[in-house]
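Structure assessment
What follows is the residue order along each chain.
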Amino acid sequence: MSDAVQFLRAWIADPIRLGSITPSSSALAALITSEITPQTTPVVELGPGTGVFTKALLARGVPPDRLLLVEREAKFAAMLRERFPGVGVLAMDATDLGRAELFGGEPVKAVVSGLPFLSMPTRAIMGVLDGCFAHMSRDGSFYQFTYGARCPVPRAVLERLGLKSARVGRTFSNFPPATVYRFRRRPMRRLYAVQGDGQPRP
Ligand SMILES: C[S@@+](CC[C@H](N)C(=O)[O-])C[C@H]1O[C@@H](n2cnc3c(N)ncnc32)[C@H](O)[C@@H]1O
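These remarks concern the structure in this document. Just so we're clear, the structure is a prediction, and the values are computed from it rather than from any experiment.

Describing the layout of surface pockets
Quantified by volume, the largest pocket comes out at close to 680 Å³. If you go around the largest pocket, you meet 39 residues; those closest to its centre are Arg17, Leu18, Gly114, Leu115 and Pro116. Taken together, the elements giving at least two residues each to the lining of the largest pocket come down to α2 (15–18), α4 (52–59), α6 (122–135) and β5 (136–146). Residues belonging to the lining of the largest pocket are distributed by class as follows: 21 nonpolar, 13 polar and five charged.

Overview of a nonpolar patch on the surface
On the surface, Leu8, Ile12, Ile21 and Phe175 cluster together into a nonpolar patch covering about 410 Å² of accessible area. The partly exposed category is assigned to isoleucine 21, whose relative accessible area is 35%.

Quick word on the packing of helix α1 (residues 3–13) against helix α5 (residues 74–83)
The interhelical angle for the contact between α1 and α5, taken along N-to-C directions, is 160 degrees, at an axis separation of 12 Å. As the angle between them shows, α1 and α5 are arranged roughly antiparallel. Handedness of the α1/α5 crossing: left-handed. Judged by residue contacts, Asp3, Gln6, Phe7 and Ala10 of α1 engage Phe76, Met79 and Arg83 from α5. Residue classes in the contact of α1 with α5 are distributed as four nonpolar, one polar and two charged.

Comments concerning the nonpolar core
One finds Val44, Leu46, Val128 and Phe142 to be the most contacted residues of the largest nonpolar core, which totals 27 residues. Residue contributions to this core peak at seven residues, all from α6. Residues in contact with valine 128, not counting those within four places in the same chain, are Leu46, Ala94, Thr95, Leu115, Phe117, Met120 and Phe142. By size, the runner-up hydrophobic cluster in this structure holds 24 residues, among which are Leu31, Val62, Met79 and Val112.

Some remarks on the sheet that holds strand β7 (residues 178–185)
With respect to topology, seven strands assemble into an open sheet ordered β3-β2-β1-β4-β5-β7-β6, the strand pairing being mixed. Among the strands making up the open sheet, the edge pair consists of β3 (88–90) and β6 (163–171). Between one strand axis and the next, the sheet turns by 20 degrees as a mean value, whatever way the strands run. Here five bridges tie strand β4 (residues 108–113) to β5, and the two strands are oriented parallel to one another. Bridge pairing in β5 links valine 111 to phenylalanine 142.

Let's talk about the site of the ligand
Taken together, 21 residues form the shell around the ligand, and within it Leu18, Ser24, Gly47, Glu71 and Ala94 come nearest. One of the side-chain nitrogen or oxygen atoms of glutamate 71 is found 2.6 Å away from an oxygen atom of the ligand. Considering the ligand on its own, with 600 Å² of exposed area, one finds that the protein chains cover 98% of that surface. When atoms are counted within 2 Å of each cavity's grid points, the one that captures over half of the ligand is the largest pocket. Among the residues forming the shell around the ligand, the class breakdown is eleven nonpolar, five polar and five charged.

Basis of the calculations
- Residues numbered from 1 in each chain as written.
- Predicted model: local features only at pLDDT ≥ 70, side-chain atom pairs only at ≥ 80, totals over all residues.
- Heavy atoms only, no water.
- 1 Å grid on protein atoms, 1.4 Å probe; cavity = no way out; pocket = protein on both sides within 12 Å on 5 of 7 lines; lining within 4 Å.
- Points joined across faces, edges and corners; volume = space filled by probe spheres on them.
- Helix = DSSP H or I, 4+ residues; strand = E, 2+ residues; numbered from the N terminus.
- Nonpolar A, V, L, I, M, F, W, Y, C, P; charged D, E, K, R; others polar.
- Patch = residues over 30% accessible without salt bridge, like charges linked within 9 Å, V, L, I, M, F, W, Y side chains within 5 Å.
- Areas by Shrake-Rupley, 256 points an atom, 1.4 Å probe, with all protein chains shown as cover.
- Salt bridge = Lys/Arg side-chain N within 4 Å of Asp/Glu carboxyl O.
- Buried < 20%, exposed > 50% of the residue type's maximum accessible area, 1.4 Å probe, protein only.
- Axes fitted to C-alpha atoms, helices over the stretch in contact; angles between N-to-C directions.
- Parallel < 35°, antiparallel > 145°, perpendicular 65-115°, else oblique.
- Left-handed = near helix turned anticlockwise from the far one by under 90°.
- Contact = heavy atoms within 4.5 Å.
- Core = buried A, V, L, I, M, F, W, Y, C linked by side-chain atoms within 4.5 Å.
- Pairing = 2+ DSSP bridges.
- Near = heavy atom within 4 Å.
- Polar contact = N/O pair within 3.5 Å; in protein donor to acceptor, adjacent residues only side chain to side chain.
- Sits in = over half its atoms within 2 Å of the grid points.

This is how it looks when you write it as structure tokens:
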């Protein structure tokens, strides 16, 4: 069965969870993985579906044992295990990631997400980001695409989690056209104590 047909079947069964009627294009896969290198590992991929982004991550030099896929749909998870030997696959809900043990506790450098943020409640989006950043290195990046016209994470959620967003780019070679965003932790503010002479002391 082709990936498009598998995807369509899964979409018919649960359109909200899938969030898209077809797998992403190779152009969107190239855009969302464009900042990933063998140095930005380990990498976690959320909602890989049929593995379009997984293929691009491996092509960018991510070693299979430095990549972990998190997919809630059991049929996709089984297919990914078969298709990408050596790559770890967790068949679970990405909102529970905060409680999972990843890469033996080694900080994750990047998360690439294919989750349908536009059809997810704000609470679930917050759970995913909070759980992922709990595993992430200080300079780690979280990549997310959206079909929407603006950032898929509400400003209040970014503020609450101490994150900043940046637009990585947009591709029209996808149905529908999509924009990729990167989320990182805001730099820590330095705290100053004031000395007796009124001068700030770091
Ligand atoms: C829009 S599809 C993207 C699939 C693939 N990344 C692509 O771009 O073609 C969303 C994927 O996220 C998965 N998914 C949705 N909610 C999830 C959740 N809470 N935890 C893990 N996977 C989830 C779906 O099963 C589906 O495979």
